[in-house]
Amino acid sequence: MIYLKTDEEIELLRENNILVSRTLAEVGRRIAPGVTTKQLDTLAEEFIRSHGAVPAFLGYMGYPASLCISVNDRVVHGIPSDKCVLKEGDIVSVDCGTFLKGFVGDSAYTFAVGEVSDEARQLMEVTKEALYKGTAQAKAGNRVGDISAAVQEYAESFGYGVVRELEGHGCGRKMHEDPGVPNYGARGRGPLLKEGMVICIEPMITMGNKAVVFERDGWTVRTRDGKPAAHYEFAVAVRKGGPDVLTDYSIIEEAIKNE
Ligand code: MF3
Ligand code: CO
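Heads up: these notes are all about the structure in this document. This one's a predicted model, so the numbers in the text were calculated from it and none came from an experiment.

Close to ligand 1 lie 13 residues; D95, D106, H169, H176 and E202 are nearest. At 3.0 Å, a side-chain N or O of H176 approaches an oxygen atom of ligand 1. Protein chains shield 95% of the accessible area of ligand 1, which is 330 Å² for the free molecule. Among the residues making up the shell around ligand 1, the classes are represented as six nonpolar, three polar and four charged.

Written out as structure tokens, the structure reads:
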């Protein structure tokens, strides 16, 4: 069942995703060698609650934290830990969700810890650009497959892997609504995009092979070959004239500029 949102509901979803963007900006500011992923999680939980919202991931299907923090070969759903200490050269994917005024915000960003290798930097940039290419297709009258194909074609043109086991999703009063939004597929296929649909587009792109392993903690997803992965996620409202992006990366990028 796909729920179409009213303009008022879209504004509440925007409010959530702006709070997520601001939380990710706070996290990004704190990211540095020596910081633990648990410290980042605590910071995010306090920031979210101080704005009258609740961390949407905490307790979701038993998930034990407010953020998912996935370092290097961890693709998504890494559990913050006081044993996970960031070091120079790491790439860190941070996924954040809020629950405020009856709706859910869900967005992610991959950060560099200090100076990272050129190849890691390129992986991050291409994954973000793949998200933008997919987002540009989020227009009423297009199909989900138009988004999927745009993400896949761009990422694969660099020889990267597109993770198959996880996908984007509708988002509204619940974090995961229909339709699923895969990061691979064929143009012109899949559910029709309609005015008022809100979807999360979230490419998970690997530097090497696309195969992933689900760890025994029940959550963490990592690359099978141990090479790094990046993950960016936008919430987007589908409009007749094109995408209305509800997440604001400029808040994050302003915060981490010159660091
Ligand atoms: N952005 C993630 C997703 O779309 C958030 C879910 S993680 C969980 O699946 F911890 F909340 F489960
Ligand atoms: Co999501």
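A word on empty space enclosed by the protein. Per the counting criterion, the structure on display carries one cavity of 30 Å³ or more. Of the pockets and cavities examined, the largest cavity occupies roughly 30 Å³. Considering the residues around the largest cavity, the lining is formed by C68, S70, V75, V76, H77, S93, V94, D95 and H231. Within the residue set of the lining of the largest cavity, elements represented by two or more residues are β2 (67-71), β3 (74-76) and β4 (91-100). If you tally residues by element for the lining of the largest cavity, the top one is β4, at three residues. Of the residues contributing to the lining of the largest cavity, the split by class is four nonpolar, four polar and one charged.

Parameters at a glance
Residues numbered from 1 in each chain as written. Chains lettered and ligands numbered in written order. Predicted model: local features only at pLDDT ≥ 70, side-chain atom pairs only at ≥ 80, totals over all residues. Heavy atoms only, no water. Near = heavy atom within 4 Å. Polar contact = N/O pair within 3.5 Å; in protein donor to acceptor, adjacent residues only side chain to side chain. Areas by Shrake-Rupley, 256 points an atom, 1.4 Å probe, with all protein chains shown as cover. Nonpolar A, V, L, I, M, F, W, Y, C, P; charged D, E, K, R; others polar. 1 Å grid on protein atoms, 1.4 Å probe; cavity = no way out; pocket = protein on both sides within 12 Å on 5 of 7 lines; lining within 4 Å. Points joined across faces, edges and corners; volume = space filled by probe spheres on them. Helix = DSSP H or I, 4+ residues; strand = E, 2+ residues; numbered from the N terminus.

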